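Overview (structure and organization)
Spelled out from the first residue to the last, the chains are:
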Amino acid sequence: LTGARKKEIKRKEHICHVCQKIFQESSVYKRHLRFHSSNRPYACNVCAKTFIEEGDLKKPSEIHMGIRPYSCDMCSKSFRQKNDLIVHKRRHTGVRPYLCECCGKTFDKQGDLVSHLRIHKGDRPYTCDIWNKAFHSKHGLVEHMIIHSDSRPFTCEVCNKSFNRRDNMKIHKLLHQKDQPHVCT
């Protein structure tokens, strides 16, 4: 490239001062800058959630109106987004396209693979503020936090005894499967 051509290309580049991302088009650059700003001028008139772009208002209105245009032809469950339907159909077909190269385990969602990889890396980004105990997944932390509340959301269908942890309920349910009668305490 000649020096003049390099200058012409440089002039058209827009570099984000926050994240150093480079944009060729001014309009795309300006839209990107809004993501770093607290300026969110478009608000949902139902829930007051605010958005950077007017087009983003479509999503909450579809949620509030219960619009679910994508239906599974195998079980008739419906979804708001086409990609959610695609991922759901994998449950019916058994397709698990995301492979852990460390252990060979497969997943139907990329996010599940990403969470799983934290186990191999030893990453525990989710921390309990009370015990300072760390977890690989947000789900693990949420389930742990039940311990710190009076909530007992897991109930045995046989005897109605409730538990604060799913694994404790599963162990308890094994008692009902044995031949000898069991009385819950």
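Source: prediction; values computed, not measured.

**With respect to the overall build of the protein chain**
Within the protein chain, the secondary structure is distributed over seven helices and 12 strands. Here the protein chain, with 185 residues, has 18% of them falling under the buried criterion. For the protein chain, the proportion of contacts with a sequence separation of at least 24, taken over those separated by at least 6, is 2%.

**Re unusual backbone geometry**
At Q20, a residue that is not glycine, the phi angle is positive and equals roughly 65°. Here Q20 lies in the loop between β1 (14-15) and β2 (22-23). Located in the positive-phi region is S76, a residue other than glycine, with phi close to 65°. Of note, S76 is situated in the loop between β5 (70-71) and β6 (78-79).

**Structural notes on the pattern of salt bridges**
Applying the stated criterion across every chain yields a total of six salt bridges. Residues K173 and E157 are paired through a salt bridge, measuring 2.8 Å at the closest nitrogen-oxygen approach. Of this pair, K173 sits in helix α7 (residues 166-177) while E157 sits in the loop between β11 (154-155) and β12 (162-163), and the two are 16 residues apart along the sequence. Judged by relative accessible area, E157 falls into the exposed class, the value being 58%.

**Overview of the environment of F23**
Counting through the fold element by element, F23 comes out in strand β2. As for F23 and E13, which are separated by 10 residues in sequence, their C-alpha atoms are 5.6 Å apart.

**Describing the side chain of R90**
You can see R90 is positioned in helix α4 (residues 82-93). If we skip the residues at most four places from it in the chain, R90 touches V95, P97, Y98 and D108.

**Considerations on the side chain of D108**
Here D108 shows up in the loop between β8 (106-107) and α5 (110-121). Side chain to side chain, D108 and R91 meet in a polar contact 2.9 Å long. Beyond its immediate sequence surroundings of up to four residues, D108 is in contact with V87, R90, R91, V95, R96, P97 and Y98.

Reading the values: the criteria
- Residues numbered from 1 in each chain as written.
- Predicted model: local features only at pLDDT ≥ 70, side-chain atom pairs only at ≥ 80, totals over all residues.
- Heavy atoms only, no water.
- Helix = DSSP H or I, 4+ residues; strand = E, 2+ residues; numbered from the N terminus.
- Buried < 20%, exposed > 50% of the residue type's maximum accessible area, 1.4 Å probe, protein only.
- Contact = heavy atoms within 4.5 Å.
- Salt bridge = Lys/Arg side-chain N within 4 Å of Asp/Glu carboxyl O.
- Polar contact = N/O pair within 3.5 Å; in protein donor to acceptor, adjacent residues only side chain to side chain.

Nothing here speaks to function; it is all geometry.
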